[in-house]
Amino acid sequence: MTGIYVHIPFCLQKCNYCDFCSYPSMLSRAYTYCDALVRETESYCDKKISADTIYFGGGTPSILNCAQLEKVLNAIIGNFDISPNAEITIEANPGTVTKEKAKDFKTIGFNRVSLGAQSFCDKELSLLGRIHTADDTKNCYELLRNAGFENISLDLMYAIPGQNMLSLSSSASQLLNLAPEHISCYGLKIEEGTPFEQMLERGEITEKGDDEYADMYAFICNTLKEAGYSQYELSNFAKKGFESRHNIKYWLGDDYVGLGAAAASKLGSNRFTHCADIEDYMKNFKNDESYELSNEDAMSEFMFLSLRLTQAGASKEEFEKRFGISIEKVFPKAIRKHTSNGMLLDEGDRYILAPKAYYISNYVLSDFV
Ligand code: SF4
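Colleague: What is the right way to read the overall build of the chain from this model?
Modeller: Assigned secondary structure in the chain consists of 15 helices and 17 strands. The globule rule puts the C-alpha radius of gyration for 369 residues at 21 Å, and the 21 Å found for the chain is close to it. A principal-axis box enclosing the C-alpha atoms of the chain has dimensions of 55 × 55 × 40 Å. Relative to its 369 residues, the chain shows a buried fraction of 53%. Summarising the internal contacts of the chain: among those between residues at least 6 apart in sequence, 69% fall at separations of at least 24. Total accessible area on the chain stands at roughly 16400 Å², and carbon and sulfur atoms take up 49% of it.

Structure, rendered in structure tokens:
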């Protein structure tokens, strides 16, 4: 089944590390933007697409008011064939959710929240340019729990400039005290065009070296494992049964429809990405990019993405079913090299990355591209 992604490109302020499609101070355009989302949704009504996940991401979807969210969600439910047990996620940022809003999220139909905690150290949050403190995150989490959310994901960031093992460990333990069902961990990379890039050039911050980066990642993997979370994807951890059904679709190469500015879609071999400019999107859902994926690229993508799933890995049967040829015939060198150096494990019906390869996954995965 297909997944539906809805991009909400509004934020209260731009974080210093952010290179996502998100605009501060444009919230006044949110009504018009939601109308455009409804129109785009209606353009799918004849296609009879069945979907079992809906994901409102951003940006900061939680800064929309509930009438706006409800309008868009209802349009999706009305124009797609949505399964009754669909996973319906909203990304939220602490500082943008009130008690009433948390309850309304539930009433509208969201059943999962992904909360952008990032760190529980106020100094780090301030450097990141986040709008909230650690206490705001804890309060927001409590509001969501009290509203009845039984599936909450928290984001945790590592390799933040100035972060050390002590502060990472403190953030991890404060996060674990909240006992979320799901945790996404991201290593900070300083991206082009962000305020962090300028701060780096001015010598105001330093970027973590490879060793420290790998040490922090290893620390997180071990700590979350000891706390009972399963690392089902290189950067994602969950209690049993709470893996993100929506994100798994990306790694398995399933279809997805992206609605909104900068949203990407994959329908069979067709790929298209809307322009990031909100005004252009609202005029005509203009695409920046649209192409058909070649068979060769599709095979590389299958390996590159599915090997990120640490347990499911790259299924030999699924590969043959999709492409009519075996993994070994298409990638003989990469398979030979990485099974003999112990980075790739042949589990009979699938290939998976060896745990020691998690830290250097790009080294292995790039051989399939
Ligand atoms: S809240 Fe998220 S999307 Fe918005 S500016 Fe910060 S990192 Fe970017």
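So, next bit.
Colleague: Just to check I follow, could you spell out the sheet that holds strand β17 (residues 350-353) for this structure?
Modeller: Taken together, three strands build an open sheet; the order of strands is β15-β17-β16 and the sheet is antiparallel. The two strands at the open ends of the sheet, each matched to only one other strand, are β15 (314-315) and β16 (344-346). Sheet analysis places β16 next to β17, joined by three bridges and oriented antiparallel. Residue pairing across strands places Asp346 opposite Tyr351, the latter belonging to β17.

Colleague: Help me understand helix α1 (residues 30-42), please; the structure alone is not making it clear to me.
Modeller: Residues lying three or four places apart along an α-helix face the same way, a consequence of the helix completing one turn every 3.6 residues. In this model α1 runs 18 Å from its N-terminal to its C-terminal C-alpha over 13 residues, within 8% of the 18 Å that 1.5 Å per residue would give. Buried-residue contacts for α1 involve β1 (2-8), β2 (10-11), α2 (66-79), β11 (256-259), β13 (270-274) and α10 (278-284).

Colleague: Can you help me understand the pairing of strand β6 (residues 112-118) in this one?
Modeller: If a strand is regular, its side chains alternate between the two faces of the sheet. With seven of seven residues buried, β6 is to be regarded as a mostly interior element. Judged from the four bridges that link them, strand β5 (residues 81-92) and β6 form a sheet pairing that is parallel. Bridge pairing links Ile90 to Val113 in β6. Direction of pairing for β6 relative to strand β7 (residues 152-158): parallel, over a ladder of four bridges. Of the residues in β7, the one forming a bridge with Val113 is Ile152.

Colleague: When you look at the domain arrangement of the chain in this model, what are you seeing that I'm missing?
Modeller: A common measure of how large an interface is: the accessible area buried when the components associate. When cut into domains, the chain gives domain 1 (2-250) and domain 2 (312-369). A straight line from the C-alpha centre of domain 1 to that of domain 2 covers 30 Å. In this complex, domain 1 contributes five residues to the contact, which on the side of domain 2 involves four residues. Area buried by domain 1 at its contact with domain 2 is led by Tyr217, Gln231 and Leu234, which between them contribute 71% of it. Scanning the region where domain 1 abuts domain 2 turns up zero salt bridges.

Colleague: Any chance you could explain the environment of Gly148 here in plain terms?
Modeller: Relative to the helices and strands, Gly148 is located in the loop between α5 (134-146) and β7. Along the chain, Gly148 and Ser315 lie 167 residues apart, while their C-alpha atoms are 37 Å from each other.

Colleague: Is there a simple way to explain the packing of aromatic side chains in this structure?
Modeller: In this description, an aromatic ring pair is defined by two values, namely the gap between the centres and the angle between the planes. Applying the stated criterion across every chain, the model contains 17 aromatic pairs. Aromatic pair Tyr217 and Tyr359: ring centres 5.5 Å apart, planes at 80 degrees, arrangement edge-to-face. With a gap of 142 residues between them, Tyr217 in helix α8 (residues 210-226) and Tyr359 in the loop between β17 and α15 (361-365) connect regions that are remote in the sequence. Owing to a relative accessible area of 7%, Tyr217 belongs among the buried residues under this scheme. Above the face of the Tyr44 ring, Lys47 is positioned so that its terminal group lies 4.9 Å from the ring centre. The lysine or arginine in question, Lys316, covers the ring of Tyr351, its NZ or CZ lying 4.7 Å from the ring centre.

Colleague: What is the right way to read the pattern of salt bridges from this model?
Modeller: Side-chain pairs of opposite charge can arise whenever the charged atoms involved come near each other. Applying the stated rule across the entire model yields 17 salt bridges. Close ionic contact of Glu279 with Arg29 constitutes a salt bridge, the shortest N to O distance being 2.8 Å. With Glu279 in helix α10 and Arg29 in the loop between β3 (23-24) and α1, this pair connects stretches of sequence that are 250 residues apart. Close ionic contact of Arg202 with Glu204 constitutes a salt bridge, the shortest N to O distance being 2.6 Å. For Glu204, a relative accessible area of 47% puts it in the partly exposed group.

Each value, and the rule that gives it
- Residues numbered from 1 in each chain as written.
- Predicted model: local features only at pLDDT ≥ 70, side-chain atom pairs only at ≥ 80, totals over all residues.
- Heavy atoms only, no water.
- Helix = DSSP H or I, 4+ residues; strand = E, 2+ residues; numbered from the N terminus.
- Rg over C-alpha atoms; globule rule 2.2 N^0.38 Å.
- Buried < 20%, exposed > 50% of the residue type's maximum accessible area, 1.4 Å probe, protein only.
- Contact = heavy atoms within 4.5 Å.
- Areas by Shrake-Rupley, 256 points an atom, 1.4 Å probe, with all protein chains shown as cover.
- Pairing = 2+ DSSP bridges.
- Expected span 1.5 Å × (residues − 1).
- Domains from an automatic or database assignment.
- Buried area = accessible area lost by both parts, 1.4 Å probe.
- Salt bridge = Lys/Arg side-chain N within 4 Å of Asp/Glu carboxyl O.
- Phe/Tyr/Trp six-rings, centres within 6.5 Å; stacked < 30°, edge-to-face > 60°.
- Lys NZ or Arg CZ within 6 Å of the ring centre and 35° of its normal.

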